[in-house]
Amino acid sequence: GNPALQRRRGYRALLQAFLDAKAGLAIAWADLDELVHAETRDVPGLYEIWCLVRLRSAVEAAFPIALSRGHIDHARGRMQLRRGSCATTERPVTILGRTFDLGLWYNRSFSPTPAHTAEGQVRIHGPGLGTWTKAMKPDFTIELVERVAGANPIFVHLDAKYRLRSIRTEADGDKTHAADDIDKMHAYLFGINDSAGAYILYPGDFISYFRRSDLRSTIGAIAAVPGRMDHLADAVREIVEAAVRDA
């Protein structure tokens, strides 16, 4: 392996968690094989897959529900993740007294809605499923559709970000998120129609939420470190309930 990578915060625990899980599988996990056999150069890719596995478990524990295996393809004795796929539930979920169908998307692509040109070169996009600027593809999206006629979806987006910023000068100082990762959440929240929250998952020390008093939406950062994940189900419940209140 790469010694520099192995010194990265959470890397060894992350890799070990995957190897332990892989050892208990009857079939090979193709995505993980590719990363591990390449000396795990793509640590952010490994972290993204780990975040998906943990996020699935957290969503199931938060409500509680059982998600389908919609993210997984089985082919020739191997297991591979399907980008652009959704894991769904067989029954609706109740959130703050309201009933929803819930789906967890992996790498869902949101394309610009149809537009017309007005006032010179200004492109005017109407409401609808998609964005009003350019195509966007969050790592994970929780979709809620209330079981009432004509309900619009509610989207909560999350990105896995294997990056850190030290907030102390010491080498072992507390770690927080990189500022430009939060910038990307602004793009998701205001660029993708019907979005009510956008968050990063990162291997740091803090959970941080940001709200503006006149906007009914939240941006945030949720610590996600192997071996320190007892809080994730509570965090998922909190951000989904906030989205329902804000929608």
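All of these numbers come straight from a predicted model, not from anything done at the bench. (Residues numbered from 1 in each chain as written. Predicted model: local features only at pLDDT ≥ 70, side-chain atom pairs only at ≥ 80, totals over all residues. Heavy atoms only, no water.)

So, the overall build of the chain
Cut-off, in case you're wondering: Numbering goes from the N terminus for both helices and strands, where a helix is a DSSP run of H or I of at least four residues and a strand is a run of E of at least two. Accessible area is worked out with a 1.4 Å probe on protein chains only. A residue is then buried under 20% of its type maximum, exposed over 50%, and partly exposed in between. By the convention used here, residues are in contact when the closest approach between their heavy atoms is within 4.5 Å. Accessibility throughout is a Shrake-Rupley quantity obtained with a 1.4 Å probe, and a residue counts as covered only by protein chains that appear here.
A count of helical and extended segments in the chain gives six helices and 15 strands. Counting every position in the chain, which comprises 247 residues, the buried fraction comes to 47%. Here the contacts in the chain between residues at least 6 apart in sequence split such that 58% fall between residues at least 24 apart. Per element, the accessible surface of the chain, about 12,600 Å² overall, is 50% carbon and sulfur.

Describing the nonpolar core
Keep this limit in mind: Residues belong to a common nonpolar core when they are buried Ala, Val, Leu, Ile, Met, Phe, Trp, Tyr or Cys residues joined through side-chain atoms within 4.5 Å.
Counting residues in each nonpolar core, the largest one holds 44 residues, and the members touching the most others are V59, F63, L102, F140, I142, L201 and V236. For this core, the secondary structure elements donating two or more residues are α4 (43-62), β5 (93-95), β6 (98-106), β9 (140-146), β10 (154-160), β13 (195-202) and α6 (232-246). A per-element tally of this core places α4 first, with 10 residues. If sequence neighbours within four positions are ignored, L102 has contacts with V59, F63, I65, L67, A87, T88, T89, V93, I142, E143 and L144. Core analysis: the next-biggest nonpolar cluster, separate from the first, contains 14 residues, Y188, A198, I200 and I219 among them.

Brief notes about α4
So the rule is basically this: Given the number of residues in a helix, its expected span is that number minus one, multiplied by 1.5 Å.
A rise of 1.5 Å per residue sets the reference length of α4, with its 20 residues, at 28 Å; its end C-alpha atoms lie 28 Å apart and thus fit the reference within 8%. Most of α4 is tucked away: 14 of the 20 residues are buried.

A look at the pattern of salt bridges
Stated precisely, the cut-off is as follows: Only one rule defines a salt bridge in this text: a Lys or Arg side-chain nitrogen within 4 Å of an Asp or Glu carboxyl oxygen.
Under the criterion given, the structure shown has seven salt bridges. Between K161 and D159 there is a salt bridge; the shortest N-O distance is 3.6 Å. When its relative accessible area of 16% is taken as the criterion, K161 is described as buried. Put simply, D234 and R237 hold a salt bridge, and the shortest N to O gap is 3.0 Å. Here the residue D234 and the residue R237 both occupy positions in helix α6, the gap between them amounting to three residues, near one helical turn.

Some thoughts on the environment of P44
Here P44 shows up in helix α4. In this structure the C-alpha to C-alpha distance between P44 and R163, which are 119 residues apart in sequence, comes to 8.5 Å.

Side note on the packing of aromatic side chains
We describe a pair of aromatic rings using the distance from one ring centre to the other and the angle between the two ring planes. To keep things clear, this is the line we draw: Pairing of aromatic side chains here covers Phe, Tyr and the six-membered ring of Trp, requires ring centres within 6.5 Å, and sorts the geometry by plane angle: under 30 degrees stacked, over 60 edge-to-face, intermediate tilted. Counted as over-ring charges are cases with an Arg CZ or a Lys NZ within 6 Å of the ring centre that also lie within 35 degrees of the ring normal.
By the definition in use, this model includes five aromatic pairs. For the ring pair Y106 and F140, a centre distance of 6.1 Å and an interplane angle of 20 degrees mean the geometry is stacked. One end of the pair, Y106, is in strand β6; the other, F140, is in strand β9, and 34 residues separate them in sequence. In this structure Y106 comes out as buried when scored by relative accessible area, which is 1%. Between F110 and F155 the ring centres are 5.2 Å apart and the planes differ by 75 degrees, which places this aromatic pair in the edge-to-face class. With a gap of 45 residues between them, F110 in the loop between β6 and β7 (115-118) and F155 in strand β10 connect regions that are remote in the sequence. Here the aromatic cluster, defined as three or more aromatic residues joined through ring pairs, consists of Y47, W50 and Y162. Against the face of W105 rests R108, its NZ or CZ located 4.4 Å from the ring centre.

Considerations on unusual backbone geometry
Cis peptide bonds are those with omega within 30 degrees of zero, and the linkage from F63 to P64 qualifies with -25 degrees. With respect to the element layout, P64 can be found in the loop between α4 and β2 (72-75). Phi is positive for N107, close to 60 degrees, though the residue is something other than glycine. Topologically, N107 is positioned in the loop between β6 and β7. Located in the positive-phi region is D194, a residue other than glycine, with phi close to 70 degrees. Inspection of the secondary structure puts D194 in the loop between α5 (179-191) and β13. Residue classification places D194 among the partly exposed residues on the basis of a relative accessible area of 29%.

Focus on the packing of α4 against α6
For clarity, the cut-off: Helix axes are fitted only over the stretch in contact, all axes being lines through C-alpha atoms; the angle between N-to-C directions runs from 0 to 180 degrees. Should an angle fall under 35 degrees it is taken as roughly parallel, and over 145 as roughly antiparallel, whereas 65 to 115 is taken as roughly perpendicular and any remaining angle as oblique. Take the far helix as your reference; a near helix turned counterclockwise from it by less than a right angle gives a left-handed crossing, and one turned clockwise gives a right-handed crossing. Under this grouping Gly is polar, as are all residues other than the nonpolar Ala, Val, Leu, Ile, Met, Phe, Trp, Tyr, Cys and Pro and the charged Asp, Glu, Lys and Arg.
Orientation of α4 relative to α6, taken along the N-to-C sense of each, is 70 degrees, at an axis distance of 8 Å. As judged from the angle between their axes, α4 and α6 are roughly perpendicular. For the pair α4 and α6, the sense of crossing is right-handed. Here R54, L55, A58, V59, A61 and A62 of α4 come into contact with α6, specifically with L232, A233, V236 and R237. Classifying every residue of the contact of α4 with α6 gives eight nonpolar, no polar and two charged.

Honestly, that's just the spatial picture; any functional story needs more than this.
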